[in-house]
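# Summary of the model geometry
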Amino acid sequence: MSDTPGQEPVARVWAAMYDLVLRQEDRRKEVAETLGMSFFRVKALRRLLAGPMTMRDLTAELSTDKPYTTLMVDDLERRGYVTRSVSPGDRRSKIVALTPAGTAAAAEAERILARPPRSLLALDPGDLAALDRIMATLRTPEEPAVSP
């Protein structure tokens, strides 16, 4: 831990938050196992819930490289979760869109990820209200909540 005064409580709180979100109930693992694919592929499906996008945009959204995006989309297409078509505005560009099965898989992932951890559900109502107020102060208007 840092020797800076006040950093120990910050580090402790952050470690507890990290543990709550990523370790206590490993929702990413649950999603991957439920859907039978890597969480990264699930992440791509979830990004496509907003609507079809170009391969270039999907690559940027996922912060990956073009060859990996192509391999991933190939796999999702084989599974019947996405379709790929030529962009009407630029024939060199491909558009990726969810199929009904892909929409259902992405929605199932969203349902699992949105489920609150048991420890949060077990909080005393007063403690939950206090935590709600604290979390509201941690969010700034320009930083909307992001799903995992």
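Residues numbered from 1 in each chain as written. Predicted model: local features only at pLDDT ≥ 70, side-chain atom pairs only at ≥ 80, totals over all residues. Heavy atoms only, no water.

## Re the confidence of the model for the protein
Short version of the rule: In predicted models, pLDDT denotes the confidence assigned by the predictor to each residue on a 0 to 100 scale. Every helix listed is a DSSP run of H or I at least four residues long, and every strand listed is a run of E at least two residues long, numbered separately from the N terminus.
Here the protein averages 89 in pLDDT, and 91% of its residues register 70 or above. Element-level mean pLDDT values for the protein span from 85 in helix H1 (residues 7-24) up to 97 in strand S3 (residues 94-98).

## Some words on the pairing of S3
Rules: Three labels apply to residues, based on accessible area from a 1.4 Å probe with only protein chains included: buried if under 20% of the type maximum, exposed if over 50%, partly exposed otherwise in between. Paired strands, in this sense, are two strands between which DSSP finds at least two bridges.
Burial analysis of S3 places four of its five residues in the buried class, which makes it a mostly covered element. Here strand S1 (residues 53-54) runs beside S3; their pairing, made up of two bridges, is antiparallel. When the bridges of S3 are listed, Met53 appears paired with Val96. Pairing of strand S2 (residues 82-86) with S3, which is carried by five bridges, proceeds in the antiparallel orientation. Bridging from a neighbouring strand, Val86 pairs with Lys94 of S3.

## Thoughts on the sheet that holds S1
Worth spelling out the cut-off: Throughout, a residue-residue contact means that at least one pair of heavy atoms, one from each residue, lies within 4.5 Å. Think of each axis as a best-fit line through the C-alpha atoms, taken over the contacting stretch in the case of a helix, with angles from 0 to 180 degrees between the N-to-C directions.
If you walk across this open sheet you meet the three strands as S1-S3-S2, and the pairing is antiparallel. Looking along the sheet, the strands with just one partner apiece sit at the ends: S1 and S2. Strands in contact with helix H5 (residues 66-78) are S2 and S3; relative to S2, the strand with the most contacts, it is inclined by about 120°.

## Observations concerning the nonpolar core
Proteins that are soluble and globular tend to have nonpolar side chains buried together. We apply this condition: Here the nonpolar core consists of buried residues drawn from Ala, Val, Leu, Ile, Met, Phe, Trp, Tyr and Cys, with membership extended through side-chain atoms lying within 4.5 Å.
In this structure, Val31, Leu45, Leu76 and Val82 are the most contacted members of the largest nonpolar core, which totals 24 residues. Where this core is concerned, the elements lending two or more residues are helix H2 (27-35), helix H3 (39-48), helix H4 (55-62), H5, S3 and helix H6 (100-114). If near-sequence neighbours (up to four positions away) are discounted, Val31 is found in contact with Phe39, Val42, Ala109, Ile112 and Leu113.

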